[in-house]
Amino acid sequence: MADGSTTAPGSRTAPPDRGGVPAPPLCPGHYDPADYTACVVGSAGEAGVSSVLVMTVLHVEAYKPHHPLLERLWQWWKPGASFGVANMHRATFERVRRTHGLAERWQDLRDDPAFAIRAAALHLKDLDRSLPRRHVRRYSREELLALGYNTGERNMRAFARGVPPGPMARSYLRRFRAYRHRAARILADDGGQSPS
């Protein structure tokens, strides 16, 4: 395994303590970001970002299975793959870890959905700090932050100045816009919506 863990044949290791947060299901069709509403609300509140933004990002990033076993297999096939329910790449995670003094490792994202959501919220906070207060009017601040989550800070700042996004970023933005209402409804139904 890429994380260097070894286990004796036939022995079982204790699953990580996730504070009662379930691992995503093995069957891809059964994964629903709404199952993590409490984590989204708590992490967004801690980071000072909109819970609707965080929940919408989780919906957009739900395109692949997030079960820890499947993510380990995916990493074996593609070592630079992103991890966790929020699909965070290693370089991004390492910046978040250093900035916020996190003790966890990048590999922990795949085993701990609550931590993955917390790391995503902190990353969105960092992006928000670097986004100029004034930007082109065709995007909302949340849309620019979502684009930054997908394409990186430098590209986000370019989009804020009016540089048009490429096809992949446009596709991400379309999905973000499509999922935003669902995310807001989930949070409103739960009573945990933070201000947008």
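Residues numbered from 1 in each chain as written. Predicted model: local features only at pLDDT ≥ 70, side-chain atom pairs only at ≥ 80, totals over all residues. Heavy atoms only, no water.

A. Representation of the layout of surface pockets within the structure. Of the pockets and cavities examined, the second largest pocket occupies roughly 350 Å³. Forming the boundary of the second largest pocket are 23 residues, of which Ser82, Asn87, His89, Tyr149 and Asn150 lie nearest the centre. Of all elements in the fold, only α4 (90-100), α7 (141-151) and α9 (167-190) reach the threshold of two or more residues within the lining of the second largest pocket. If you tally residues by element for the lining of the second largest pocket, the top one is α7, at four residues. (1 Å grid on protein atoms, 1.4 Å probe; cavity = no way out; pocket = protein on both sides within 12 Å on 5 of 7 lines; lining within 4 Å. Points joined across faces, edges and corners; volume = space filled by probe spheres on them. Helix = DSSP H or I, 4+ residues; strand = E, 2+ residues; numbered from the N terminus.)

B. Main features of unusual backbone geometry. Of note, the phi angle at asparagine 87 is positive, near 50°, even though the residue is not glycine. Exposure remark for asparagine 87: the relative accessible area of 5% places this residue in the buried category. (Buried < 20%, exposed > 50% of the residue type's maximum accessible area, 1.4 Å probe, protein only.)

C. Local environment of the environment of tyrosine 31. Inspection of the secondary structure puts tyrosine 31 in the segment before α1 (37-47). Among the residues examined, tyrosine 31 registers a relative accessible area of 13% and is labelled buried. For the pair tyrosine 31 and lysine 64, spaced 33 residues apart in sequence, the C-alpha separation works out to 9.4 Å.

D. Examining α4 more closely. Here α4 has its buried residues at Thr92, Phe93, Glu94 and Val96. Buried residues belonging to α4 abut α5 (108-111) and α6 (113-130). Just beyond α4, the residue with positive phi is glycine 101, at close to 65°. (Contact = heavy atoms within 4.5 Å.)

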